[in-house]
Amino acid sequence: MAEPAVFAELPAVFAELVGQEPVVDQLRRAVAASAPAHAWLVTGPPGSGRSNAARAFAAALNCEVAEPTERGCGTCRSCRLVASGAHPSVKLVSTENVTYRIDDVRELVTTAQDSPQGARWRVIVVEDADRMTERATNVLLKAIEEPPPHTLWVLCAPSPADVLVTIRSRCRLVSLRIPPADAVARLLVERDGLNAQQAHFAARVSQNHVGVARRLARDPEARQRREDVVTLPLRVRSSTDAVRAAGTLVAMTQADAEATADARLAEEQAALRRSLGLEPEEKIPPKLRSQFKRLEEENTRRAKRAVADSLDRALIDLTAVYRDVLSLKLDADVELINDHLREQLADYSESLSPEHALGCLDAIGAARTRIGQNVPPLLAMEALMMSFLPVEAHRR
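A brief look at the structure comes next. (Residues numbered from 1 in each chain as written. Predicted model: local features only at pLDDT ≥ 70, side-chain atom pairs only at ≥ 80, totals over all residues. Heavy atoms only, no water.)

**Focus on the overall build of the protein**
Then, number 1: Helix and strand counts for the protein come out as 16 helices and five strands.
Then, number 2: For the protein, the C-alpha radius of gyration of 23 Å lies close to 21 Å, the compact-globule estimate for 396 residues.
Then, number 3: In terms of its C-alpha atoms, the protein occupies a principal-axis envelope of roughly 70 × 55 × 45 Å.
Then, number 4: Going through the 396 residues of the protein one by one, you find that 46% of them count as buried.
Then, number 5: Considering only intrachain contacts with a sequence separation of at least 6, the fraction spanning at least 24 residues in the protein is 72%.
Then, number 6: About 19500 Å² of surface is accessible on the protein, with carbon and sulfur atoms providing 51% of the total.
Then, number 7: Taking the average location of the 51 positive side-chain charges in the protein and that of its 54 negative ones, the two points are 4 Å from each other. (Helix = DSSP H or I, 4+ residues; strand = E, 2+ residues; numbered from the N terminus. Rg over C-alpha atoms; globule rule 2.2 N^0.38 Å. Buried < 20%, exposed > 50% of the residue type's maximum accessible area, 1.4 Å probe, protein only. Contact = heavy atoms within 4.5 Å. Areas by Shrake-Rupley, 256 points an atom, 1.4 Å probe, with all protein chains shown as cover. Lys, Arg positive; Asp, Glu negative; His and termini not counted. Charge placed at Lys NZ, Arg CZ, Asp CG, Glu CD.)

Written out as C-alpha coordinates, the structure reads:
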(Lines give C-alpha, C1' and ligand atoms only; values in the text may rest on other atoms or scores of the structure.)
Protein backbone atom coordinates (compact mmCIF):
# COMPACT_ATOMS: atom_id res chain seq x y z
CA MET A 1 0.00 0.00 0.00
CA ALA A 2 1.37 3.44 -0.96
CA GLU A 3 2.51 5.76 1.83
CA PRO A 4 0.21 8.76 2.33
CA ALA A 5 1.51 12.06 0.95
CA VAL A 6 3.18 14.32 3.48
CA PHE A 7 2.31 17.96 2.81
CA ALA A 8 4.36 21.03 3.56
CA GLU A 9 2.98 24.56 3.77
CA LEU A 10 -0.25 25.24 1.87
CA PRO A 11 0.56 26.16 -1.76
CA ALA A 12 -0.60 29.59 -2.94
CA VAL A 13 -3.21 28.38 -5.46
CA PHE A 14 -5.24 26.76 -2.65
CA ALA A 15 -5.01 29.70 -0.24
CA GLU A 16 -8.46 31.13 -1.06
CA LEU A 17 -10.25 27.85 -0.36
CA VAL A 18 -10.84 28.93 3.22
CA GLY A 19 -12.70 26.53 5.49
CA GLN A 20 -12.29 23.75 2.91
CA GLU A 21 -9.42 21.82 4.49
CA PRO A 22 -10.74 18.31 3.62
CA VAL A 23 -11.20 19.35 -0.03
CA VAL A 24 -7.73 20.90 -0.25
CA ASP A 25 -6.25 17.72 1.21
CA GLN A 26 -8.18 15.58 -1.29
CA LEU A 27 -7.03 17.65 -4.28
CA ARG A 28 -3.41 17.82 -3.12
CA ARG A 29 -3.30 14.04 -2.75
CA ALA A 30 -4.59 13.72 -6.31
CA VAL A 31 -1.91 16.15 -7.55
CA ALA A 32 0.80 14.16 -5.76
CA ALA A 33 -0.46 10.85 -7.21
CA SER A 34 1.18 9.47 -10.34
CA ALA A 35 -2.20 8.73 -11.92
CA PRO A 36 -5.08 10.86 -10.53
CA ALA A 37 -8.68 10.05 -11.44
CA HIS A 38 -9.49 11.19 -14.98
CA ALA A 39 -12.85 12.84 -14.15
CA TRP A 40 -13.87 15.02 -11.20
CA LEU A 41 -17.16 16.58 -10.13
CA VAL A 42 -16.72 19.67 -7.90
CA THR A 43 -19.95 20.58 -6.11
CA GLY A 44 -20.99 23.20 -3.59
CA PRO A 45 -23.52 26.01 -3.08
CA PRO A 46 -22.92 29.52 -4.47
CA GLY A 47 -20.06 31.15 -2.58
CA SER A 48 -18.37 27.86 -1.68
CA GLY A 49 -15.64 28.36 -4.28
CA ARG A 50 -16.38 25.68 -6.89
CA SER A 51 -14.65 27.51 -9.74
CA ASN A 52 -11.72 28.53 -7.53
CA ALA A 53 -11.22 24.92 -6.45
CA ALA A 54 -11.32 23.68 -10.05
CA ARG A 55 -8.83 26.31 -11.23
CA ALA A 56 -6.52 25.68 -8.28
CA PHE A 57 -6.58 21.96 -9.04
CA ALA A 58 -5.79 22.59 -12.72
CA ALA A 59 -2.91 24.90 -11.79
CA ALA A 60 -1.44 22.47 -9.25
CA LEU A 61 -1.63 19.55 -11.68
CA ASN A 62 0.61 21.40 -14.13
CA CYS A 63 2.73 23.37 -11.64
CA GLU A 64 6.44 23.41 -12.51
CA VAL A 65 7.57 22.69 -8.92
CA ALA A 66 9.47 19.40 -8.92
CA GLU A 67 8.21 18.05 -5.58
CA PRO A 68 4.66 16.65 -6.14
CA THR A 69 3.48 17.43 -2.59
CA GLU A 70 4.39 21.12 -3.00
CA ARG A 71 2.78 21.80 -6.38
CA GLY A 72 0.49 24.80 -6.76
CA CYS A 73 3.09 27.51 -6.09
CA GLY A 74 1.11 30.23 -7.88
CA THR A 75 4.31 31.90 -9.13
CA CYS A 76 5.73 29.66 -11.84
CA ARG A 77 4.85 30.41 -15.46
CA SER A 78 2.36 27.53 -15.65
CA CYS A 79 0.45 28.61 -12.52
CA ARG A 80 0.33 32.21 -13.74
CA LEU A 81 -0.98 31.14 -17.15
CA VAL A 82 -3.78 29.11 -15.58
CA ALA A 83 -4.71 32.06 -13.37
CA SER A 84 -4.93 34.32 -16.43
CA GLY A 85 -6.91 31.77 -18.46
CA ALA A 86 -4.14 31.57 -21.07
CA HIS A 87 -2.59 28.16 -20.41
CA PRO A 88 -2.50 26.18 -23.69
CA SER A 89 -3.29 22.87 -21.95
CA VAL A 90 -5.95 24.09 -19.51
CA LYS A 91 -9.35 24.83 -21.02
CA LEU A 92 -11.71 26.87 -18.81
CA VAL A 93 -15.26 26.64 -20.15
CA SER A 94 -18.43 28.48 -19.15
CA THR A 95 -21.62 29.43 -20.93
CA GLU A 96 -23.61 32.65 -21.13
CA ASN A 97 -26.68 30.71 -22.28
CA VAL A 98 -29.33 28.86 -20.33
CA THR A 99 -27.77 25.58 -21.53
CA TYR A 100 -24.59 24.48 -23.29
CA ARG A 101 -24.91 24.05 -27.03
CA ILE A 102 -24.27 20.50 -28.21
CA ASP A 103 -21.70 21.82 -30.72
CA ASP A 104 -19.75 23.39 -27.84
CA VAL A 105 -19.58 20.04 -26.08
CA ARG A 106 -18.48 18.27 -29.25
CA GLU A 107 -15.69 20.82 -29.60
CA LEU A 108 -14.58 20.08 -26.03
CA VAL A 109 -14.50 16.35 -26.75
CA THR A 110 -12.27 17.04 -29.76
CA THR A 111 -9.97 19.25 -27.67
CA ALA A 112 -9.70 16.50 -25.06
CA GLN A 113 -8.01 14.24 -27.61
CA ASP A 114 -5.05 16.61 -28.03
CA SER A 115 -1.84 15.89 -26.14
CA PRO A 116 -0.91 18.50 -23.50
CA GLN A 117 1.49 21.16 -24.77
CA GLY A 118 4.53 21.41 -22.54
CA ALA A 119 2.53 20.23 -19.52
CA ARG A 120 1.77 17.02 -17.62
CA TRP A 121 -1.96 17.12 -18.16
CA ARG A 122 -4.60 18.53 -20.46
CA VAL A 123 -7.26 19.75 -18.03
CA ILE A 124 -10.76 20.75 -19.13
CA VAL A 125 -12.71 22.68 -16.50
CA VAL A 126 -16.45 22.92 -17.25
CA GLU A 127 -18.22 25.47 -15.07
CA ASP A 128 -22.00 25.13 -14.67
CA ALA A 129 -22.02 21.51 -15.83
CA ASP A 130 -25.61 21.46 -14.56
CA ARG A 131 -26.50 23.56 -17.62
CA MET A 132 -25.87 20.63 -19.95
CA THR A 133 -28.90 19.10 -21.61
CA GLU A 134 -29.27 15.31 -21.66
CA ARG A 135 -28.17 15.24 -25.33
CA ALA A 136 -25.06 17.30 -24.57
CA THR A 137 -24.27 15.12 -21.56
CA ASN A 138 -24.49 11.97 -23.68
CA VAL A 139 -21.93 13.45 -26.08
CA LEU A 140 -19.62 14.09 -23.11
CA LEU A 141 -20.21 10.66 -21.57
CA LYS A 142 -18.12 8.64 -24.02
CA ALA A 143 -15.21 11.07 -23.70
CA ILE A 144 -15.27 10.63 -19.92
CA GLU A 145 -15.64 6.84 -20.16
CA GLU A 146 -12.65 6.47 -22.50
CA PRO A 147 -10.37 9.47 -21.93
CA PRO A 148 -6.93 9.89 -23.52
CA PRO A 149 -4.14 8.99 -21.06
CA HIS A 150 -3.17 12.59 -20.20
CA THR A 151 -6.58 14.32 -20.07
CA LEU A 152 -8.52 15.22 -16.92
CA TRP A 153 -12.10 16.52 -16.84
CA VAL A 154 -13.20 18.78 -13.97
CA LEU A 155 -16.95 19.48 -13.92
CA CYS A 156 -18.55 22.04 -11.58
CA ALA A 157 -22.17 22.02 -10.38
CA PRO A 158 -24.17 23.14 -7.32
CA SER A 159 -24.86 19.54 -6.22
CA PRO A 160 -24.33 15.97 -7.49
CA ALA A 161 -28.07 15.72 -8.17
CA ASP A 162 -27.74 18.50 -10.78
CA VAL A 163 -25.70 16.21 -13.05
CA LEU A 164 -27.02 13.07 -14.78
CA VAL A 165 -26.23 9.90 -12.86
CA THR A 166 -24.35 8.46 -15.85
CA ILE A 167 -21.80 11.29 -15.54
CA ARG A 168 -21.86 11.43 -11.75
CA SER A 169 -21.04 7.74 -11.40
CA ARG A 170 -17.88 8.14 -13.48
CA CYS A 171 -16.46 11.14 -11.57
CA ARG A 172 -14.55 11.49 -8.33
CA LEU A 173 -16.72 13.72 -6.13
CA VAL A 174 -15.37 16.85 -4.42
CA SER A 175 -17.87 18.44 -2.03
CA LEU A 176 -17.40 22.01 -0.83
CA ARG A 177 -19.35 23.85 1.84
CA ILE A 178 -20.02 27.50 2.60
CA PRO A 179 -16.93 28.54 4.60
CA PRO A 180 -17.37 29.77 8.20
CA ALA A 181 -17.58 33.55 8.63
CA ASP A 182 -14.51 33.57 10.88
CA ALA A 183 -12.44 31.85 8.17
CA VAL A 184 -13.55 34.38 5.53
CA ALA A 185 -12.81 37.29 7.88
CA ARG A 186 -9.38 35.87 8.69
CA LEU A 187 -8.53 35.64 4.98
CA LEU A 188 -9.56 39.28 4.45
CA VAL A 189 -7.35 40.36 7.35
CA GLU A 190 -4.32 38.28 6.38
CA ARG A 191 -4.40 38.66 2.59
CA ASP A 192 -6.15 41.99 2.05
CA GLY A 193 -4.93 43.97 5.03
CA LEU A 194 -8.38 44.79 6.41
CA ASN A 195 -8.94 45.45 10.07
CA ALA A 196 -10.96 42.89 12.02
CA GLN A 197 -14.13 45.01 12.14
CA GLN A 198 -14.18 45.60 8.36
CA ALA A 199 -13.48 41.93 7.69
CA HIS A 200 -16.22 40.58 9.94
CA PHE A 201 -18.77 43.04 8.57
CA ALA A 202 -17.94 42.04 4.97
CA ALA A 203 -18.00 38.32 5.81
CA ARG A 204 -21.39 38.63 7.54
CA VAL A 205 -23.25 40.68 4.95
CA SER A 206 -21.80 38.63 2.07
CA GLN A 207 -23.15 35.52 3.83
CA ASN A 208 -19.62 34.06 3.85
CA HIS A 209 -19.04 34.42 0.10
CA VAL A 210 -15.29 35.10 -0.22
CA GLY A 211 -15.41 36.95 -3.54
CA VAL A 212 -18.37 39.11 -2.56
CA ALA A 213 -16.88 39.83 0.87
CA ARG A 214 -13.62 41.00 -0.65
CA ARG A 215 -15.43 43.27 -3.09
CA LEU A 216 -17.66 44.78 -0.42
CA ALA A 217 -14.66 45.38 1.82
CA ARG A 218 -12.63 47.06 -0.92
CA ASP A 219 -15.24 48.97 -2.90
CA PRO A 220 -17.34 51.69 -1.18
CA GLU A 221 -19.60 51.94 -4.24
CA ALA A 222 -20.36 48.22 -4.04
CA ARG A 223 -21.22 48.59 -0.35
CA GLN A 224 -23.52 51.50 -1.13
CA ARG A 225 -25.27 49.58 -3.91
CA ARG A 226 -25.88 46.71 -1.50
CA GLU A 227 -27.31 49.12 1.09
CA ASP A 228 -29.63 50.54 -1.56
CA VAL A 229 -30.80 47.02 -2.45
CA VAL A 230 -31.48 45.77 1.09
CA THR A 231 -33.38 48.91 2.07
CA LEU A 232 -35.66 48.83 -0.99
CA PRO A 233 -38.44 46.80 0.71
CA LEU A 234 -38.54 49.35 3.53
CA ARG A 235 -39.54 52.01 1.02
CA VAL A 236 -42.24 50.09 -0.88
CA ARG A 237 -45.61 51.34 0.37
CA SER A 238 -47.69 51.61 -2.82
CA SER A 239 -47.91 50.14 -6.32
CA THR A 240 -46.12 53.22 -7.65
CA ASP A 241 -43.31 52.61 -5.16
CA ALA A 242 -43.11 48.97 -6.26
CA VAL A 243 -42.76 49.82 -9.96
CA ARG A 244 -40.19 52.50 -9.17
CA ALA A 245 -38.24 50.13 -6.90
CA ALA A 246 -38.18 47.45 -9.61
CA GLY A 247 -36.66 49.89 -12.11
CA THR A 248 -34.14 51.04 -9.51
CA LEU A 249 -33.10 47.48 -8.70
CA VAL A 250 -32.57 46.53 -12.35
CA ALA A 251 -30.57 49.71 -13.00
CA MET A 252 -28.41 49.13 -9.91
CA THR A 253 -27.65 45.53 -10.83
CA GLN A 254 -26.73 46.54 -14.38
CA ALA A 255 -24.30 49.12 -12.99
CA ASP A 256 -22.93 46.55 -10.55
CA ALA A 257 -22.47 44.00 -13.35
CA GLU A 258 -20.58 46.51 -15.49
CA ALA A 259 -18.31 47.43 -12.59
CA THR A 260 -17.68 43.76 -11.78
CA ALA A 261 -16.94 42.90 -15.42
CA ASP A 262 -14.54 45.84 -15.79
CA ALA A 263 -12.72 44.90 -12.58
CA ARG A 264 -12.44 41.27 -13.66
CA LEU A 265 -11.13 42.23 -17.10
CA ALA A 266 -8.51 44.50 -15.51
CA GLU A 267 -7.37 41.68 -13.20
CA GLU A 268 -7.19 39.19 -16.08
CA GLN A 269 -5.25 41.61 -18.24
CA ALA A 270 -2.81 42.30 -15.40
CA ALA A 271 -2.34 38.56 -14.81
CA LEU A 272 -1.77 37.97 -18.51
CA ARG A 273 0.81 40.78 -18.60
CA ARG A 274 2.66 39.20 -15.67
CA SER A 275 2.61 35.76 -17.28
CA LEU A 276 4.03 37.22 -20.51
CA GLY A 277 6.66 39.30 -18.73
CA LEU A 278 5.16 42.67 -19.73
CA GLU A 279 5.37 45.73 -17.48
CA PRO A 280 2.03 47.34 -16.46
CA GLU A 281 2.39 50.30 -18.87
CA GLU A 282 4.41 48.53 -21.55
CA LYS A 283 2.95 48.59 -25.06
CA ILE A 284 1.61 45.21 -26.15
CA PRO A 285 3.72 43.73 -29.00
CA PRO A 286 1.68 42.97 -32.15
CA LYS A 287 2.29 39.21 -31.88
CA LEU A 288 0.70 39.14 -28.39
CA ARG A 289 -2.30 41.34 -29.09
CA SER A 290 -4.52 38.39 -30.05
CA GLN A 291 -4.32 37.03 -26.49
CA PHE A 292 -5.54 40.35 -25.03
CA LYS A 293 -8.20 40.56 -27.74
CA ARG A 294 -9.48 37.16 -26.63
CA LEU A 295 -9.86 38.41 -23.07
CA GLU A 296 -11.86 41.42 -24.27
CA GLU A 297 -14.13 39.23 -26.41
CA GLU A 298 -14.69 36.85 -23.48
CA ASN A 299 -15.56 39.80 -21.27
CA THR A 300 -18.14 40.99 -23.82
CA ARG A 301 -19.70 37.50 -23.90
CA ARG A 302 -19.89 37.50 -20.12
CA ALA A 303 -21.80 40.79 -20.03
CA LYS A 304 -25.31 39.32 -20.28
CA ARG A 305 -24.53 36.59 -17.76
CA ALA A 306 -22.98 39.19 -15.45
CA VAL A 307 -26.26 41.12 -15.30
CA ALA A 308 -28.17 37.95 -14.41
CA ASP A 309 -25.57 37.02 -11.79
CA SER A 310 -25.65 40.51 -10.26
CA LEU A 311 -29.44 40.44 -10.12
CA ASP A 312 -29.36 37.02 -8.51
CA ARG A 313 -26.89 38.33 -5.92
CA ALA A 314 -29.26 41.21 -5.17
CA LEU A 315 -32.08 38.71 -4.66
CA ILE A 316 -29.88 36.73 -2.25
CA ASP A 317 -29.32 39.98 -0.32
CA LEU A 318 -33.09 40.55 -0.24
CA THR A 319 -33.52 37.01 1.08
CA ALA A 320 -31.25 38.01 3.96
CA VAL A 321 -33.57 40.94 4.76
CA TYR A 322 -36.59 38.68 5.24
CA ARG A 323 -34.53 36.09 7.09
CA ASP A 324 -33.61 38.89 9.52
CA VAL A 325 -37.24 40.06 9.72
CA LEU A 326 -38.38 36.54 10.64
CA SER A 327 -35.61 36.28 13.24
CA LEU A 328 -36.88 39.50 14.83
CA LYS A 329 -40.54 38.46 14.61
CA LEU A 330 -39.84 35.09 16.24
CA ASP A 331 -37.24 36.37 18.74
CA ALA A 332 -34.72 33.87 17.37
CA ASP A 333 -31.36 33.87 19.12
CA VAL A 334 -29.27 34.28 15.95
CA GLU A 335 -27.00 37.01 14.61
CA LEU A 336 -28.71 39.21 12.01
CA ILE A 337 -27.02 39.29 8.63
CA ASN A 338 -27.91 42.98 8.42
CA ASP A 339 -27.30 43.73 12.08
CA HIS A 340 -26.23 47.30 11.22
CA LEU A 341 -29.86 47.86 10.09
CA ARG A 342 -31.41 46.28 13.17
CA GLU A 343 -33.44 49.35 14.17
CA GLN A 344 -34.91 49.92 10.69
CA LEU A 345 -35.66 46.19 10.27
CA ALA A 346 -37.34 46.08 13.68
CA ASP A 347 -39.64 48.94 12.66
CA TYR A 348 -40.35 47.30 9.29
CA SER A 349 -41.11 43.93 10.91
CA GLU A 350 -43.96 45.57 12.84
CA SER A 351 -45.88 45.94 9.58
CA LEU A 352 -45.44 42.28 8.56
CA SER A 353 -46.80 39.02 9.87
CA PRO A 354 -44.52 35.96 9.87
CA GLU A 355 -46.72 34.53 7.10
CA HIS A 356 -46.22 37.62 4.95
CA ALA A 357 -42.45 37.49 5.49
CA LEU A 358 -42.44 33.83 4.44
CA GLY A 359 -44.51 34.79 1.38
CA CYS A 360 -41.89 37.39 0.47
CA LEU A 361 -39.17 34.73 0.70
CA ASP A 362 -41.20 32.49 -1.61
CA ALA A 363 -41.62 35.40 -4.04
CA ILE A 364 -37.87 36.02 -4.08
CA GLY A 365 -37.28 32.33 -4.83
CA ALA A 366 -39.78 32.52 -7.69
CA ALA A 367 -38.07 35.64 -9.04
CA ARG A 368 -34.69 33.87 -9.03
CA THR A 369 -36.25 31.01 -11.00
CA ARG A 370 -37.78 33.42 -13.53
CA ILE A 371 -34.46 35.19 -14.08
CA GLY A 372 -32.85 31.79 -14.70
CA GLN A 373 -35.54 31.12 -17.30
CA ASN A 374 -34.75 34.38 -19.17
CA VAL A 375 -37.88 36.27 -18.09
CA PRO A 376 -37.24 40.01 -18.73
CA PRO A 377 -35.63 41.32 -15.52
CA LEU A 378 -37.87 44.37 -15.17
CA LEU A 379 -41.03 42.27 -15.48
CA ALA A 380 -39.79 39.77 -12.89
CA MET A 381 -38.76 42.52 -10.48
CA GLU A 382 -42.09 44.38 -10.77
CA ALA A 383 -43.92 41.18 -9.81
CA LEU A 384 -41.54 40.70 -6.89
CA MET A 385 -41.85 44.24 -5.57
CA MET A 386 -45.64 43.97 -5.64
CA SER A 387 -45.35 41.05 -3.23
CA PHE A 388 -43.49 43.32 -0.78
CA LEU A 389 -46.45 45.67 -0.44
CA PRO A 390 -47.98 45.84 3.05
CA VAL A 391 -51.27 43.96 3.39
CA GLU A 392 -53.28 47.17 3.71
CA ALA A 393 -51.92 48.37 0.33
CA HIS A 394 -53.41 45.31 -1.38
CA ARG A 395 -56.82 46.12 0.12
CA ARG A 396 -57.00 49.59 -1.36
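**Things to note about the environment of Ser 84**
Then, number 1: When you line up the elements, Ser 84 lands in helix H3 (residues 77-84).
Then, number 2: With residues near it in sequence (within four places) discarded, Ser 84 still touches Glu 268, Ala 271, Leu 272, Ser 275 and Leu 295.

**Considerations on the environment of Ala 213**
Then, number 1: Note that Ala 213 resides in helix H9 (residues 210-218).
Then, number 2: Overall, the relative accessible area of 0% leaves Ala 213 in the buried class.
Then, number 3: It is 9.9 Å that separates the C-alpha atoms of Ala 213 and Arg 223, two residues lying ten residues apart in sequence.
Then, number 4: Each residue touching Ala 213, except ones within four places of it in the same chain, is listed here: Val 184, Leu 188, Ala 202, Ala 203 and Ser 206.

**Observations regarding the nonpolar core**
Buried together is how nonpolar side chains tend to be arranged in soluble globular proteins.
Then, number 1: Judged by nonpolar contacts, the single largest core of 34 residues is most densely connected at Leu 249, Leu 318, Tyr 322, Met 381, Leu 384, Met 385 and Phe 388.
Then, number 2: A per-element tally of this core places helix H12 (residues 289-329) first, with eight residues.
Then, number 3: Those residues in contact with Leu 249, other than ones at most four positions away along the chain, are Val 229, Leu 232, Leu 311, Ala 314, Leu 318, Met 381 and Met 385.
Then, number 4: In terms of nonpolar packing, the next biggest core, distinct from the first, is built from 32 residues, Leu 17, Ala 37, Val 42 and Trp 121 among them. (Core = buried A, V, L, I, M, F, W, Y, C linked by side-chain atoms within 4.5 Å.)

**Regarding the side chain of Asn 62**
Then, number 1: Within the secondary structure, Asn 62 is located in the loop between helix H2 (50-61) and H3.
Then, number 2: Leaving out residues up to four positions away in the same chain, Asn 62 has contacts with Ser 78, His 87, Val 90, Ala 119, Arg 120, Trp 121 and Val 123.

**A word on the packing of H9 against helix H10 (residues 220-230)**
Then, number 1: Relative orientation of the contacting elements H9 and H10 amounts to 110°, with a least axis distance of 5 Å. As the angle between them shows, H9 and H10 are arranged roughly perpendicular. Residues Arg 215, Leu 216, Ala 217 and Arg 218 of H9 touch H10, and the partners they reach there are Pro 220, Ala 222, Arg 223, Arg 225 and Arg 226.
Then, number 2: In terms of residue class, the contact of H9 with H10 is built from four nonpolar, no polar and five charged. (Axes fitted to C-alpha atoms, helices over the stretch in contact; angles between N-to-C directions. Parallel < 35°, antiparallel > 145°, perpendicular 65-115°, else oblique. Nonpolar A, V, L, I, M, F, W, Y, C, P; charged D, E, K, R; others polar.)

**Some points on the pattern of salt bridges**
Then, number 1: Under the definition given, this model contains 19 salt bridges.
Then, number 2: For the salt bridge of Arg 101 with Asp 104, the shortest nitrogen-to-oxygen distance reads 2.9 Å.
Then, number 3: Here Arg 244 and Asp 241 are joined by a salt bridge, their closest N and O atoms 3.3 Å apart. Linking Arg 244 with Asp 241, this pair stays in helix H11 (residues 239-276), spanning three residues, or about one helical turn.
Then, number 4: Its relative accessible area of 52% is what places Arg 244 among the exposed residues. (Salt bridge = Lys/Arg side-chain N within 4 Å of Asp/Glu carboxyl O.)

**Describing the packing of aromatic side chains**
Then, number 1: One pass over the structure, following the stated rule, counts three aromatic pairs.
Then, number 2: Between Tyr 322 and Tyr 348 the ring centres are 6.2 Å apart and the planes differ by 65°, which places this aromatic pair in the edge-to-face class. Of this pair, Tyr 322 sits in helix H12 while Tyr 348 sits in helix H13 (residues 342-349), and the two are 26 residues apart along the sequence. Side by side, Tyr 322 and Tyr 348 carry an identical accessibility label, which is buried.
Then, number 3: When the ring of Tyr 322 is compared with that of Phe 388, the centres are 5.1 Å apart and the planes differ by 40°; the resulting orientation is tilted. Here Phe 388 lies in the loop between helix H15 (377-387) and helix H16 (391-395) and Tyr 322 lies in helix H12, a separation of 66 residues in the sequence. (Phe/Tyr/Trp six-rings, centres within 6.5 Å; stacked < 30°, edge-to-face > 60°.)

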